[in-house]
Amino acid sequence: FSSVATTTALLKHGMNSQGPVKQCSTLYPKAFCGRWALFGGEGNAKPARGTTCTLTTSVLVAGVQRVLMAVAWMDKKCKMVLSSSGTTLPAPPSLRKRHNLVVSAEGEYLQETHITSVPKPAVLHQIFTFFAAIDIANHYRQGSLEFERNWETKTWWHRIWATIMGMIVVNVFFAYRHEYRQAHN
C-alpha cells in the first residue's frame, strides 16, 4: 500500500510509485475523496461507477518539482490511489462477469450471465494489472510450501528464516518458469 511519505522517499531514490492508499493517509486528501465518493455525483448524489476525482500537488524532491496524483475511482466502493507517474487518460475498461438468477416462463430458475464494463483511467489499469503479483507469490509460499506452518518453532528468528526461505524458493520457481518459457517459445 502507498502513502505520501513512501512515495516521496521512493522519488528521492529515483523510483516512481503507484499504489492504493488505505490507512497511512497523512497528507493524502482522503477526507476530500471520501466526501466526493458520497456526494460528488450529479445533484450531490453518489458518483456513477467508473467516474474519477483527481487531485495533484507538487513536491520538491532533490531540488526538482515532482507531481503527485491522488485519484479516487468509483467502483462498488471508492478506491483511492496515489501515483507519482501515469496518466488519467482512458484505459481498457474493467470487465466483470455477473450472474443473475431469473425465473423462466415455465417457472424454472435460470442463471443469466452478462458482462459489466466499468471505465477506468490508465493509472488504475497499471496498478491493478500488477497489483496481485504479491498475493500470488504469497499464495505459492503459504499454500504449497507452508514452511511457517510445518516448522513448529517459538524462536522468532526461525520464523523469519522460514519466511525468507519460502520467498527465495518461490522467486527461484518464478525465475525458472520465466526462463523456461523464454527458451521454449
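The notes below deal with the structure included here. Small disclaimer: the values here were computed from a predicted structure and weren't measured. (Residues numbered from 1 in each chain as written. Predicted model: local features only at pLDDT ≥ 70, side-chain atom pairs only at ≥ 80, totals over all residues. Heavy atoms only, no water.)

**Comments concerning the sheet that holds strand S1 (residues 18-20)**
Heads up, the rule is: Pairing between two strands is assigned when DSSP locates at least 2 bridges connecting them. Each helix is a run of H or I in the DSSP string that is no shorter than four residues. Each strand is a run of E no shorter than two, and both are numbered from the N terminus. Throughout, an axis means a line fitted to C-alpha atoms (over the contacting stretch in the case of helices), and angles, computed between N-to-C directions, take values from 0 to 180 degrees. Note on definitions: a residue-residue contact is assigned when non-hydrogen atoms from the two residues lie within 4.5 Å.
The antiparallel open sheet is built from 4 strands, whose spatial order is S1-S4-S3-S2. Looking at strand neighbours, the two that pair on one side only are S1 and strand S2 (52-61), the edges of this open sheet. Going from strand to strand, the sheet's axes swing by 20° on average, the running direction of each strand aside. Sheet strands in contact with helix H2 (residues 30-39) are S2, strand S3 (64-74) and strand S4 (78-83), and its direction is about 145° off that of S4.

**Some points on the layout of surface pockets**
This is how it is decided: The pocket and cavity definitions rest on a 1 Å grid over protein atoms only: a 1.4 Å probe that fits but cannot leave marks a cavity, an open set with protein on both sides within 12 Å along at least five of seven lines marks a pocket, and residues lining either have an atom within 4 Å of a point. Grid points are joined across faces, edges and corners, and a volume is the space filled by probe spheres set on the points. Note on residue categories: nonpolar means Ala, Val, Leu, Ile, Met, Phe, Trp, Tyr, Cys or Pro, charged means Asp, Glu, Lys or Arg, and polar means any other residue, Gly included.
In this structure, the largest pocket occupies an estimated 320 Å³ of space. Contributing to the lining of the largest pocket are 14 residues, with Phe1, Gln18, Pro20, Phe131 and Ile134 lying nearest its centre. Mapped by element, the contributors of at least two residues to the lining of the largest pocket are helix H1 (4-12), S1, helix H3 (122-130) and helix H4 (133-145). Among the residues forming the lining of the largest pocket, the class breakdown is 7 nonpolar, 6 polar and 1 charged. Here the second largest pocket is characterised by a volume of approximately 250 Å³. In this structure, the second largest pocket is lined by Phe1, Pro20, Val21, Lys22, Lys30, Lys77, Cys78, Lys79, Met80, Val81, Phe128 and Phe131. Here the lining of the second largest pocket gets 4 residues from one element, more than from any other, and that element is S4. For the lining of the second largest pocket, the residue count by class is 8 nonpolar, no polar and 4 charged.

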